[in-house]
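Summary of structural features
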Amino acid sequence: MKKLFFIFIINFFPAQESWTLKQCLDYASANHPLVKQSAINIQKNDRLISASKGMLLPSVDAGVNHNYNFGNGINPQNNQREAINTQTDNLYAQANWELLNWRNYLNISLSKINKETSTFRMKQTQNEIKLNVIQMFFTYQNSKSWLEVLQTQLAGIEDQIKRTEKEVEIGNRPKSDIYDIKANLGTMQEQWVSAKNQRDLSKINLLNALAITNDTLDFTMTEENLAISNFNDANFIQNLLEKNPAYQTTLAEIKAQQKSVDVAKSGYLPTLNGSYTWSSFYNRVLGEPAINFSEQIKMNKNQQLGFGLNIPIFNKLQVKNNVEIAKLNVINSNYDKDIVINNLTQSINSIKTQFLNAQEKYNLLEANFENQKLSFQKSEEKYKEGLMDAYTFFVVRNGWLQANYNLINSKNDVIQQTELLKVFEAGF
């Protein structure tokens, strides 16, 4: 019965699915709500392009009016005003067409630039999300590694207490060794609780970066060789800047603002309009015979074709002010570009500095790791031979575990900076 219950529990609580960093980045770049919103903006700009092109087409509408008139009116038979009740039906169809308006053509170009901008902005959003996911992923990995170190230390304390108690019983060690070890147990347990809380919080932050609300995942590191970046290239930063979507977004925005200047200037230009109207009507005196509906429609039909040229002369300085405002927007966009360049340069230089520092630190730790390992092994032999007290060996053992964590943490830092750099190198 217990065995069946155990199987039921295992099936009811399945193992968590493990995701690597690549799986996290692929998921976030495709499914994060901010990315989906960016995709909607691209679709909206597609519709705006279609709407701009639609302004080149004529507008056509048709209508029918059915009216009754009671009292004093015009008798259609003798064209005299008298007390009369009439029915009138009017039919019309009309078309209006802006034959020439430069604003319409310029708006098409502007809409295409806006779509290009929204496409760059979507990639920029994906990159920002990826950078955040990478930072949260490695924060979680480091906090998880630290918790594992503390768990190993706690397990070692329990074993040491048991071994030391036995040695105290047979007189091989003083009882003070037990007190020394237990004195540090409470502190270690407090650190473990804090580390567990930090691990849980870092996982919550990682799930939030992925926009996942259900905690059904675990996140694991894959074995990776440490990459070497060509920081010595004189054009290293410039190359990353030019293909960065944030930089491309500002360039597209400048193009859009420059095109907006042309759109504003189009208010100075004349426009040519064409129109066509077809109409007819049916009229009869109520209670009296009249020519049938179809005959009257044929008899009364009318067509009108017209052209109009509108030349702007003075419009309360509105066009001039719109042009000047558009020019100021161009200047402002160039300042935005300078800000983006400054921020990107700072981010790239920061990653470069942290990468080189982490790589140097890792190389030093790795070179000294074997010496630390041998030192720990010698201390372990001394402890077993009774040449080292339990508390001292406990300190040495914890130092060895801390050295393991420092090496793992340093390697993670190098990989983190490498992954951050990959986002910038990927470009658009």
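Right, let's walk through the structure included here. (Residues numbered from 1 in each chain as written. Predicted model: local features only at pLDDT ≥ 70, side-chain atom pairs only at ≥ 80, totals over all residues. Heavy atoms only, no water.)

Regarding its fold elements, the protein chain presents ten helices and eight strands. Looking at the protein chain alone, contacts between residues at least 24 apart form 82% of all its contacts between residues at least 6 apart. Element-wise, carbon and sulfur atoms account for 53% of the exposed surface of the protein chain, whose accessible area totals about 26,000 Å². (Helix = DSSP H or I, 4+ residues; strand = E, 2+ residues; numbered from the N terminus. Contact = heavy atoms within 4.5 Å. Areas by Shrake-Rupley, 256 points an atom, 1.4 Å probe, with all protein chains shown as cover.)

With antiparallel pairing, four strands are arranged side by side in an open sheet as β2-β5-β7-β8. Two strands in the sheet have a free side with no partner beyond their single neighbour: β2 (59-69) and β8 (302-310). Neighbour to neighbour, the strand axes of the sheet diverge by 20 degrees on average, direction disregarded. Judged from the eleven bridges that link them, β2 and strand β5 (residues 86-100) form a sheet pairing that is antiparallel. Paired with G63 across the bridge in β5 is Y92. Sitting on the sheet, helix α8 (residues 293-300) is in contact with β5, β7 (271-285) and β8, with an inclination near 140 degrees to β7. (Pairing = 2+ DSSP bridges. Axes fitted to C-alpha atoms, helices over the stretch in contact; angles between N-to-C directions.)

We now examine the packing of helix α7 (residues 245-265) against helix α9 (residues 318-384). Packing of α7 against α9 leaves a shortest axis separation of 8 Å and a crossing angle of 170 degrees. When the axis of α7 is compared with that of α9, the two are roughly antiparallel. Per-class residue counts for the contact of α7 with α9 are 13 nonpolar, eight polar and five charged. (Parallel < 35°, antiparallel > 145°, perpendicular 65-115°, else oblique. Nonpolar A, V, L, I, M, F, W, Y, C, P; charged D, E, K, R; others polar.)

What follows deals with the layout of surface pockets. Within this model, the largest pocket holds a volume of roughly 400 Å³. In terms of lining, the largest pocket is formed by 20 residues, of which the most central are E128, L131, L344, S347 and F424. Listed by contribution, the elements that provide at least two residues to the lining of the largest pocket are α4 (102-169), α7, α9 and α10 (390-426). Here the lining of the largest pocket takes seven residues from α9, the largest share from any one element. Of the residues contributing to the lining of the largest pocket, the split by class is nine nonpolar, ten polar and one charged. (1 Å grid on protein atoms, 1.4 Å probe; cavity = no way out; pocket = protein on both sides within 12 Å on 5 of 7 lines; lining within 4 Å. Points joined across faces, edges and corners; volume = space filled by probe spheres on them.)

According to the stated counting rule, one finds nine salt bridges in the structure shown. With a closest N to O distance of 3.0 Å, D200 and R199 form a salt bridge. For D200, a relative accessible area of 30% corresponds to the partly exposed category. Exposure remark for R199: the relative accessible area of 23% places this residue in the partly exposed category. One continuous salt-bridge network, built from bridges that share partners, spans K196, R199 and D200. (Salt bridge = Lys/Arg side-chain N within 4 Å of Asp/Glu carboxyl O. Buried < 20%, exposed > 50% of the residue type's maximum accessible area, 1.4 Å probe, protein only.)

Locating S202 in the fold gives a position in helix α5 (residues 176-210). For S202, a relative accessible area of 2% gives the class buried. A polar side-chain atom of S202 sits 2.7 Å from the main-chain carbonyl oxygen of R199. Ignoring anything within four residues of it in the chain, the contact list for S202 reads M136, T139, Y140 and S143. (Polar contact = N/O pair within 3.5 Å; in protein donor to acceptor, adjacent residues only side chain to side chain.)

The next point concerns α9. End to end, α9 covers 93 Å across 67 residues, agreeing with the expected 99 Å (1.5 Å per residue, within 8%). Along α9, the sharpest kink reaches roughly 35 degrees, centred on F369. Downstream of α9 by a residue or two, G386 has a phi angle that is positive, lying close to 80 degrees. (Expected span 1.5 Å × (residues − 1). Bend = angle between axes of the 7 residues up to and from the residue.)

The interhelical angle for the contact between helix α2 (residues 21-31) and helix α3 (residues 33-54), taken along N-to-C directions, is 40 degrees, at an axis separation of 5 Å. One element, α2, and the other, α3, form an angle in the oblique class. Where α2 approaches α3, its residues A28, S29, A30 and N31 are matched on the opposing element by P33, V35 and K36. Here the contact of α2 with α3 is composed, by residue class, of four nonpolar, two polar and one charged.

Apart from glycine, the bulk of residues carry a negative phi angle, and the bulk of peptide bonds sit in the trans form. Unusually for a residue other than glycine, A211 sits at a positive phi of about 60 degrees. Of note, A211 is situated in the loop between α5 and β6 (217-219). For A211, a relative accessible area of 33% gives the class partly exposed. A positive phi angle is found at L317, which is not glycine, with a value near 65 degrees. Take L317: it is sitting in the loop between β8 and α9. The exposure class of L317 is partly exposed, given its relative accessible area of 46%.

What follows covers the nonpolar core. Soluble globular proteins tend to bury their nonpolar side chains together. In terms of nonpolar packing, the biggest core is built from 48 residues, with V133, L206, L210 and F219 touching the most fellow members. The element best represented in this core is α9, accounting for ten residues. Beyond its immediate stretch of four places on either side in the chain, L206 contacts V133, M136, F137, Y140 and F219. Residues L147, L150, L154 and F394 belong to the second largest nonpolar core, which totals nine residues. (Core = buried A, V, L, I, M, F, W, Y, C linked by side-chain atoms within 4.5 Å.)

We now examine the environment of F355. Locating F355 in the fold gives a position in helix α9. By relative accessible area, which is 1% here, F355 ends up buried. Residues F355 and L421 lie 66 residues apart in sequence; the distance between their C-alpha atoms is 9.1 Å.

The subject of this paragraph is the environment of W278. In this fold, W278 is placed in strand β7. Look at W278 and you get partly exposed, because its relative accessible area is 25%. Here the alpha-carbon distance between W278 and A62, two residues 216 residues apart in the chain, equals 9.2 Å. W278 has contacts with L91, Y92, A93, I297, K301, N302 and Q303, leaving out every residue within four places of it along the chain.

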